[in-house]
Amino acid sequence: MASIYNLFVINKSGGLIFYKDYGSTGRLDTNDSLRLASLWHSMHAISIQLSPTLGCTGIEVLEADTFDLHCFQSLTGTKLFVASEPGAAGVTALLKTIYELYADYVLKNPFYEVEMPIRCELFELNLLQAIRKDKYSVGNR
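All figures in this text were calculated on a predicted structure; none of them were measured in a lab. (Residues numbered from 1 in each chain as written. Predicted model: local features only at pLDDT ≥ 70, side-chain atom pairs only at ≥ 80, totals over all residues. Heavy atoms only, no water.)

S.K.: Mind showing me how you'd approach the side chain of Asp21 here?
M.R.: Along the chain, the position of Asp21 falls in strand 2 (residues 16-21). Exposure remark for Asp21: the relative accessible area of 19% places this residue in the buried category. One polar contact links Asp21 to Asn6, side chain to side chain, over a distance of 2.4 Å. Of the polar contacts made by the side chain of Asp21, one reaches the side chain of Tyr19; its length is 2.6 Å. (Helix = DSSP H or I, 4+ residues; strand = E, 2+ residues; numbered from the N terminus. Buried < 20%, exposed > 50% of the residue type's maximum accessible area, 1.4 Å probe, protein only. Polar contact = N/O pair within 3.5 Å; in protein donor to acceptor, adjacent residues only side chain to side chain.)

Set out below in structure tokens:
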């Protein structure tokens, strides 16, 4: 069963606009989450410049001993990344689902200002449902 530890949404300028913990493993305090988001944004940008491959879009997965970081970058430059258990399956599809929820519930919200922190109850509710659904569907594959 795949387990998502944290979700980060970073705007195109590298600012953390959304962070959520999903589980007891890997909890970060506010400063650590800001540092990790900033570090990921910088590493992602540098990897695009240093890649010997033309058309490289940056780091998609960073695998460590105790966690994996999976990243999805939209065409607008917004990055979503999750920390998950090592070897978790279906995380790329989950990130695309999360981006769809972001587009539906955040960007279409008339009260949301682009590039500002996300404060949308419907987004968080549907996000939790998508992560729970994915967690159990991945475990049953």
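S.K.: Looking at this structure, I do not really get the environment of Gly14. What am I missing?
M.R.: Inspection of the secondary structure puts Gly14 in the loop between strand 1 (4-10) and strand 2. Note on Gly14: relative accessible area 16%, which makes it buried. C-alpha of Gly14 to C-alpha of Val114: the two residues are 100 residues apart in sequence and 13 Å apart in space.

S.K.: Got a minute to help me understand the packing of aromatic side chains in this structure?
M.R.: Aromatic ring pairs are reported here in terms of the distance separating the ring centres and the angle at which the planes meet. Within the structure shown, the criterion is met by seven aromatic pairs. With a centroid separation of 5.3 Å and 75 degrees between ring planes, the pair formed by Phe18 and Phe123 is classed as edge-to-face. Within this pair, whereas Phe18 is found in strand 2, its partner Phe123 is found in helix 3 (residues 121-139), the two being separated by 105 residues in sequence. Phe123 matches Phe18 in its accessibility class, with the two residues each being buried. In this structure an aromatic cluster arises from ring pairing among Phe18, Phe72, Tyr99, Tyr102 and Phe123. (Phe/Tyr/Trp six-rings, centres within 6.5 Å; stacked < 30°, edge-to-face > 60°.)

S.K.: Any chance you could explain the pattern of salt bridges here in plain terms?
M.R.: Pairing of side chains with opposite charge becomes possible as their charged atoms draw close. If you walk through the whole model with that rule in mind, you get three salt bridges. The partner of Lys20 in a salt bridge is Glu124, with the nearest N and O atoms 3.3 Å apart. Taken together, the residues span a long stretch of sequence, with Lys20 in strand 2 and Glu124 in helix 3 at a distance of 104 residues. Residue class for Glu124 comes out partly exposed when judged on its relative accessible area of 29%. (Salt bridge = Lys/Arg side-chain N within 4 Å of Asp/Glu carboxyl O.)

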